[in-house]
Structure formats: structure tokens, C-alpha cells
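Secondary and tertiary structure notes
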Amino acid sequence: MNSSQSTASQPAPARSMTGYAQVRESAGDAEIVLTVKTVNHRSLDVHFHCSSELDALENEMRALVRRKLVRGHIEVRVTITRASGQSGPALNKELLAAYVAAFREAAAAHGAEPRTLDLNAALSLPGMLTDSERRELDAETNRAILSALSKALDNLNRAREREAADLVVAMLRHNSAIRLSATELAAIRSRAVPLFEARLNERLRELLRSQTVDPQRLAQEVAMLVDRSDITEEIARLEIHAGQLEALLNGGGEMGKKLDFLLQEMNRETNTILSKTTGIGELGLRITELALGTKADIEKIREQSLNLE
């Protein structure tokens, strides 16, 4: 196997849903500052905050974001500052002249005094003042913007991978606690079944003391009730799901939705265990304690998984 095949087979790293990156690029007399910010979102939701001179470049920028990000609310901000030209807002002289001419024409037509022209109102018109002198972006500037975006996305992903690695470590720790609880639950279950059977048998005999009951039939009924209260299958499924969860966390890549499904299944098994283990004294209390602890660990994993891509 060659090196390119080996690299291609490596799993993608897990990434968090939150991050921030900023990159500066120069192109001629222009300095470009580009920032990317991401927060949690169920799909890829990209928003650009740029001047209108970048409108023609937006499709390429959006395609670049889609190649490097999978999910999240993404905000991309681009600021271009030029060393030459005007500093501060620039006046659109042609638009102002047209406004003044229209004002005077309207004033003459209606006999109004033209000296009442309100410059504040004129300057507040859209397009009357611009942040910088309007110019069409050249090829060099376009390349610099796309380069800055690519670098920012790469930096963002590295930061998100570092954060995700910390989250995965924490989730694996909670999952290990769940697996230890499942092991103890299985050990307790072997002692709890005879105890549950004895107590159920005794209770039924007390209830039916005044009646004649076939001992064999009573034993059959007790066995059926004990079987319905057995938590063997729930423990086995909980252990299987915990193993799947560990493999998923170690596998990297996009995992948020898969984690959500697995955690729902684990929570369902734990709830069933809690509903089946009442009335068997101290062993029942220990099973309840372990199941409640498992539910707490599942919830902690769920909270942390919400921030994974």
C-alpha cells in the first residue's frame, strides 16, 4: 500500500461545533482581515458579512466553506483596508449632485425655498457614503481573499479538533463508568434473582393463605414473574451499546447524530432496569443506585456530544 492510500484510509478526526480563527493577507496596497466563527447548528448554515465589492466572489467562498466544514452556523467576516486612497467614508458626489438637482427641481415646481435643503437627510441615503473608495477587486486581491479563507478554515478545524479531543476524553471516561456499572449490575443480578424469587413466593403465599393452591402452579407463576423482572437482557444491551459508543468515539469523523441515537438506546435500557428492580431490599437499592449513576453519565455524555460535529 502506498502512502497516499494509507493517508486516505485514516479516519477523519472528531471536531467540535464551536471555534474562531482570524487570518491577515496582503494584496498590493490592500490588507485583508478575514475571520471565521462557528457555533452549533444541525446543518451547514453559512453567513457572509462583507462589503458589496465581494458579492462576485461569494459563490467561490461558499464552495470553499462547504469543502472544509460539515455542520454549524458559520459567520465569515472580511475587511479590506487600502494604504492608498481616501481614509474614512467617501462621498458619492454623483449621487449627491443628482439629489440636489432633484430637490431644486421639486422646489421650483412647488414654489418652495431651495435653501431648506437638508444635507443630513441627503447623506443618510443608501450609497451616499461608502466605507472606502469604490473599486472593482482585481485578481490578486481575489486570490488573497480565497487564500485567507482557506487558511482560516484550516486553523479553525485544527482548533475544533483540539477541543473535540478533550470532549472525547471526557465522554470516554463517563462511558467507562457506565461499563463498570453494567459489570456490577450483572454480578448483582445473579444474587438478586433468587432473593426476588423467595420474597415473591413468600408474598404470594401470604396473599393466598386462605386458599388451596397447587404448589406446582404457584412455582410456575413465581417463575414467570421472576423472568419478567430479570434484567439480564437490559444489562447485555447496555454493555453492547457502551462498546459501540466507545468505538464511535475512537473512530473520529462526524459522529453527533450517531451518538444521539446510541445514547437514547442506553437511556431506554437503564430506565427498564430501574422499573424492574423494586422490592428486593439492599440489592435492589444498589441496582437503583448504579442505574441512576448510569443515567447521570449518559446525560453528561449527551450534553458534551451536542458540541460535536
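For clarity, every value in this text was computed on a predicted model and none was experimentally measured.

Conventions and cut-offs
- Residues numbered from 1 in each chain as written.
- Predicted model: local features only at pLDDT ≥ 70, side-chain atom pairs only at ≥ 80, totals over all residues.
- Heavy atoms only, no water.
- Helix = DSSP H or I, 4+ residues; strand = E, 2+ residues; numbered from the N terminus.
- Expected span 1.5 Å × (residues − 1).
- Buried < 20%, exposed > 50% of the residue type's maximum accessible area, 1.4 Å probe, protein only.
- Contact = heavy atoms within 4.5 Å.
- Pairing = 2+ DSSP bridges.
- Axes fitted to C-alpha atoms, helices over the stretch in contact; angles between N-to-C directions.

Over its 21 residues, helix 8 (residues 256-276) extends 31 Å from the first C-alpha to the last, a length consistent with the 30 Å expected when each residue adds 1.5 Å. Taken together, the buried positions of helix 8 are Gly256, Leu259, Leu262, Leu263, Glu265, Met266, Glu269, Thr270, Ile273 and Leu274.

To continue, consider the side chain of Thr270. As for its position among the elements, Thr270 is in helix 8. Taking relative accessible area as the criterion, Thr270 reaches 1% and is therefore assigned buried. In this structure, Thr270 is in contact with Leu238, Ala291, Thr294, Lys295 and Ile298, ignoring residues within four places of it in sequence.

Position of Thr272 among the secondary structure elements: in helix 8. By relative accessible area, Thr272 is classed as partly exposed at 25%. In sequence terms Thr272 and Glu234 are 38 residues apart; their C-alpha atoms lie 7.2 Å from each other.

On to the sheet that holds strand 1 (residues 19-27). As summarised here, the arrangement of the four strands in space is 1-2-4-3, forming an open sheet in which the pairing is mixed. In the strand order of this sheet, the two ends are held by strand 1 and strand 3 (44-49), each with one partner. The sheet shows a mean angle of 15 degrees between the axes of neighbouring strands, taken without regard to direction. With ten bridges joining them, strand 2 (residues 30-39) and strand 4 (residues 72-82) adopt antiparallel strand pairing. Paired with Ala30 across the two strands is Arg82, which belongs to strand 4. Against the sheet, helix 2 (residues 58-68) contacts strand 3 and strand 4, and its axis sits at roughly 140 degrees relative to strand 3.

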